[in-house]
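Coordinate inspection notes
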Amino acid sequence: MSTLHHGNFRLASQSLKAAKSRSFLTMLGVIIGVTAVICVVCIGEGVKQQIADKVNQFGKDLITIRPGSADQSPLKSGSAILGGGLPMATSSLLTEKDLKTVKSTPGVGLAVPLSTIPGSLRGDYKVNAPYIIATGSALPEAINQKIAYGSFFSDDESINGIILGQKLAEKLFNERVPLGRTIVYHGQNFIVEGIFDLFDVTPFSLSADFNDAAFVSYQKAKSMTTETLGIYQILSKPTNPNLTEAVAGRIRSNLNKSHGGSGDTAVLTEANSMTSSNQVIHLITLSTVGVALIALVVGGIGIMDVMLVSVTERMHEIGVRKALGATNQQILRQFMTESLVISLVGAVIGSLLALMAVGAMRLFTSLQPVLVWQAFVLAIVIAVIIGVVFGTAPALKAARKDPIEALRHV
């Protein structure tokens, strides 16, 4: 029996070598499908790990308060730091009363507002419509982000201090450390007091890139605007990190009472945000894998088409083998083995290409895909199954052919 199987694989290899170009084109759908499936799964897992690293970076005791119901979709349930909850993403904003409610909640150590204000900045160069954030002096502590150069401003509205992300600093002054330089905003002069350390940016995150942002005092921004300055998010931390969930519950309860029980604010810990972000990444990964699996099915159809042509071209060979005593089962196994070899070789090539693609992404992009060996195994198994399934029809056609009719075929 082993000799028979070995002979089938030898015949399959000879058939593929005899038509190398056609064999490669037949495998192409399988190669693309396998490569896509593995890459998508590895990228998704890598992004999940990057988000988890970001949670650790900003601290697991960070509490995010944002407008909107907590039971909204995962896309809307993340923090501004970890993704989701973008400024102006909801019809209503938080107020200064909400900020006072959070600060007065027992167990709260700090609370800082995040508001966006419009306008352009002018240093040596002008930047139109930059991302300008009005916040409190405790922001660096809230997000565990260091000031690389200089210091952060105070909450005194009489001080025109401004903090820059590194990318925005280079755009305004074409230098990395423009400390003490003057920026004109809304007709007033602001002094660059500090430059934030480089923020990590997670791929596929909905959060803004704070490396391209400017930060001013919330009190100063409020004094410059004629209307009430809306708050799109409040970041808070408890005095005791071990009581984060308990403090978050108190904040939720106090805000709910303050809003008349409407439940129109969401209070999220960073564990909640990571779970929500992972759900989004999981959904995106599944949908993309589904598209990649369609490519595998198309590859299987290609195998079936080419094998049907191959059966027609080799009809005389089939007749000779049957005349020499080959059974229907042996002919069936011969052509099933050929389709199996095509799909298996395509899957192996696709796996190698995926491995190289993952390495290239880690080296040359901000993505950090993680090798998931289960994805490699599953993709190869699915490819082989598809090859066998779609190779069945041509194999049955060959096995059932009458030997006399097959010998007459030229």
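As a reminder, the structure under discussion sits directly above these lines.
The following refers to the structure shown. Fair warning: this is a prediction, and the values are worked out from it, not measured in the lab. (Residues numbered from 1 in each chain as written. Predicted model: local features only at pLDDT ≥ 70, side-chain atom pairs only at ≥ 80, totals over all residues. Heavy atoms only, no water.)

Along its length, the protein carries 12 helices and 12 strands. With 410 residues in all, the protein has 46% of them scored as buried. Of the contacts formed within the protein by residues at least 6 apart in sequence, a portion of 80% connects residues at least 24 apart. Accessible surface for the protein amounts to roughly 19,100 Å². Of this, 61% is attributable to carbon and sulfur atoms. (Helix = DSSP H or I, 4+ residues; strand = E, 2+ residues; numbered from the N terminus. Buried < 20%, exposed > 50% of the residue type's maximum accessible area, 1.4 Å probe, protein only. Contact = heavy atoms within 4.5 Å. Areas by Shrake-Rupley, 256 points an atom, 1.4 Å probe, with all protein chains shown as cover.)

A separate point is the environment of Thr135. The residue Thr135 is located in strand 5 (residues 131-135) in this model. With a relative accessible area of 0%, Thr135 lands in the buried category. For the pair formed by Thr135 and Ile231, sequence separation is 96 residues and the distance between their alpha carbons is 9.2 Å.

Turning our attention to unusual backbone geometry. Positioned with a positive phi, Ala129 is a non-glycine residue whose angle comes to about 50 degrees. Positive phi, close to 55 degrees, is recorded for Asn144, a residue that is not glycine. In this fold, Asn144 is placed in the loop between helix 4 (139-143) and strand 6 (147-150).

What follows is about the packing of aromatic side chains. The final tally for this structure, using the stated rule, is 8 aromatic pairs. Following the ring pairs from residue to residue traces out a cluster consisting of Tyr131, Phe152, Phe153, Phe196, Phe199, Phe210 and Phe215. (Phe/Tyr/Trp six-rings, centres within 6.5 Å; stacked < 30°, edge-to-face > 60°.)

Moving residue by residue along a regular strand, the side chains alternate between the two faces of the sheet. As paired elements, strand 6 and strand 9 (residues 188-196) share 3 bridges and run antiparallel to each other. Paired with Gly150 across the strands is Gly194, a residue of strand 9. Summarising the sheet, strand 7 (residues 161-164) and strand 9 pair through 4 bridges and their orientation is parallel. Bridge pairing in strand 9 places Ile162 opposite Val192. Two elements, strand 8 (residues 182-185) and strand 9, share 4 bridges in a ladder whose sense is antiparallel. Residue Ile183 lies in a different strand from strand 9, and its bridge partner there is Phe190. Linkage of strand 8 to strand 9, two consecutive antiparallel strands, is achieved through a turn of 2 residues, within which His186 is found at a positive phi near 55 degrees. (Pairing = 2+ DSSP bridges.)

Moving on: a nonpolar patch on the surface. A grouping of Trp373, Val377, Val381, Ile385 and Val389 is seen on the molecular surface, where their side chains present a nonpolar patch of about 500 Å² in accessible area. Within the secondary structure layout, Val381 lies in helix 11 (residues 373-399). (Patch = residues over 30% accessible without salt bridge, like charges linked within 9 Å, V, L, I, M, F, W, Y side chains within 5 Å. Salt bridge = Lys/Arg side-chain N within 4 Å of Asp/Glu carboxyl O.)

On to the packing of helix 3 (residues 96-103) against helix 7 (residues 244-258). One can describe the packing of helix 3 onto helix 7 by two numbers: an axis separation of 9 Å at closest approach and a directional angle of 140 degrees. Every pair of crossing elements has a handedness; the one defined by helix 3 and helix 7 is right-handed. Residues Lys97, Asp98, Thr101 and Val102 of helix 3 pack against Ile251, Asn254, Leu255 and Ser258 of helix 7. Looking at side-chain class alone, the contact of helix 3 with helix 7 contains 3 nonpolar, 3 polar and 2 charged residues. (Axes fitted to C-alpha atoms, helices over the stretch in contact; angles between N-to-C directions. Left-handed = near helix turned anticlockwise from the far one by under 90°. Nonpolar A, V, L, I, M, F, W, Y, C, P; charged D, E, K, R; others polar.)

By definition, a disulfide is the covalent link that joins the sulfur atoms of two cysteine residues. On inspection of all chains with the given rule, the structure shows 0 disulfides. In this structure Cys39 is a free cysteine whose sulfur lies 6.7 Å from that of Cys42, the closest cysteine sulfur available. With relative accessibility at 11%, the residue Cys39 sits in the buried group. By relative accessible area, which is 0% here, Cys42 ends up buried. (Disulfide = S-S within 2.5 Å.)

Note on pairing: side chains with opposite charge can pair once their charged atoms come close. By the definition in use, this model includes 5 salt bridges. In this structure, the salt-bridge partner of Lys237 is Asp61, at a minimum N-O distance of 3.6 Å. Taken together, the residues Lys237 in strand 11 (residues 233-238) and Asp61 in the loop between helix 2 (20-58) and strand 1 (63-67) connect sequence positions 176 residues apart. This pair shows no difference in class: Lys237 is buried, exactly as Asp61 is. With a shortest N-O distance of 2.9 Å, Glu96 and Lys222 are connected by a salt bridge. Remark: Lys222 occurs in helix 6 (residues 218-224) and Glu96 occurs in helix 3; sequence separation between them is 126 residues. Given the relative accessible area of 27%, Lys222 is considered partly exposed. Residues participating in the shared-partner salt-bridge network are Asp124, Glu175 and Arg181.

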